[in-house]
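Structure assessment
Here is how the chains run, residue by residue.
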Amino acid sequence: KNEVEQSPQNLTAQEGEFITINCSYSVGISALHWLQQHPGGGIVSLFMLSSGKKKHGRLIATINIQEKHSSLHITASHPRDSAVYICAARALDKIIFGKGTRLHILP
Amino acid sequence: NAGVTQTPKFRILKIGQSMTLQCAQDMNHNYMYWYRQDPGMGLKLIYYSVGAGITDKGEVPNGYNVSRSTTEDFPLRLELAAPSQTSVYFCASSYSRGGQETQYFGPGTRLLVL
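In this text, all values refer to a predicted model and were calculated from it rather than measured experimentally.

Notes on the environment of Arg58 of chain A
Structurally, the position occupied by Arg58 of chain A is in the loop between β6 (52–56) and β7 (59–64). As for Arg58 of chain A and Ser77 of chain A, which are separated by 19 residues in sequence, their C-alpha atoms are 8.1 Å apart.

Structural notes on the interface of chain A and chain B
Contacts between chain A and chain B engage 14 residues on the former and 16 residues on the latter. Here chain A and chain B share an interface that buries about 1,400 Å² over both sides, 55% of which is from carbon and sulfur atoms. Scanning the region where chain A abuts chain B turns up 1 salt bridge. Arg90 of chain A serves as the salt-bridge partner of Glu101 of chain B, at 3.1 Å between the closest nitrogen and oxygen. Counting residues per element, the ones that place at least two in the side of chain A that touches chain B are β4 (31–37), β5 (43–49), β9 (83–90) and β10 (95–97) of chain A. Here the residues of the side of chain A that touches chain B are counted per class, giving 6 nonpolar, 5 polar and 3 charged.

Details of the pairing of strand β10 (residues 100–105) of chain B
Residue and element names in this part refer to chain B. Only one face of β10 is covered, namely the face carrying Glu101, Gln103 and Phe105; the face carrying Gln100, Thr102 and Tyr104 is uncovered. Sheet topology note: the strand β9 (residues 87–97)/β10 ladder contains 6 bridges and is antiparallel. Considered in β10, the bridge of Ser93 is made with Tyr104. The turn joining β9 and β10, which pair antiparallel and follow one another in sequence, is formed by 2 residues; a positive phi near 60 degrees is taken by Gly98.

A few points about the state of the cysteines
Counted according to the given criterion, the structure contains 2 disulfides over all chains. In this model Cys23 of chain A forms its disulfide with Cys87 of chain A; the gap between the sulfur atoms is 2.0 Å. With the S-S dihedral at roughly 70 degrees, the linkage between Cys23 of chain A and Cys87 of chain A falls on the right-handed side. A residue pair is termed long-range when its members are at least 10 positions apart, and Cys23 of chain A in strand β3 (residues 19–25) and Cys87 of chain A in strand β9 qualify at 64 residues. For Cys87 of chain A, a relative accessible area of 0% translates into the label buried. Residue pairing for Cys23 of chain B: its cysteine sulfur links by disulfide to Cys91 of chain B, the two sulfurs lying 1.8 Å apart.

Basis of the calculations
Residues numbered from 1 in each chain as written. Chains lettered and ligands numbered in written order. Predicted model: local features only at pLDDT ≥ 70, side-chain atom pairs only at ≥ 80, totals over all residues. Heavy atoms only, no water. Helix = DSSP H or I, 4+ residues; strand = E, 2+ residues; numbered from the N terminus. Contact = heavy atoms within 4.5 Å. Buried area = accessible area lost by both parts, 1.4 Å probe. Salt bridge = Lys/Arg side-chain N within 4 Å of Asp/Glu carboxyl O. Nonpolar A, V, L, I, M, F, W, Y, C, P; charged D, E, K, R; others polar. Buried < 20%, exposed > 50% of the residue type's maximum accessible area, 1.4 Å probe, protein only. Pairing = 2+ DSSP bridges. Disulfide = S-S within 2.5 Å.

Written as structure tokens, this is what we have:
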């Protein structure tokens, strides 16, 4: 079993829908990262969380340390949000990536 | 700022050949990382550096070497290329401020070993 699991693996939604991507991890962490990988391959860091909730524009990330679970939400989704979203758990001496969630927003 | 740059963008190697993947950043970041991304798999950390002169192994260091003689540059060396090293390689740098870390990724180098 992977130490970082994301769900769903693939998600197709209509423009405007509220999107939730989940990340569960089994290791003790100091922080959790959310990344966005564009269709062309470029990777952008979205959030780093160690507790609570963060918001940037239409993106919201939450983390529950006790339950070892984080979620990434996208409000009012848009086709330009189509990408692979990756969570990464940072432990003291390692960083473990999920396999990513491929999101496709239809116009 | 150019951010994080990587060269080459794409390379084909024969088994046993060697090459160096270049990575440079102009943001004065102390932390730098090398990752590989295999199809359908998550990113895996190869090596990282917390500052000039300091490097540490990540999850998958075998077959690779790194050096960090300057803050700006973090080259990744493949000595004897193997088909298992076919992958996309990403370099990243980061800074930490107030407990928050932001990683900046390069555009990637696609390597094919035949």
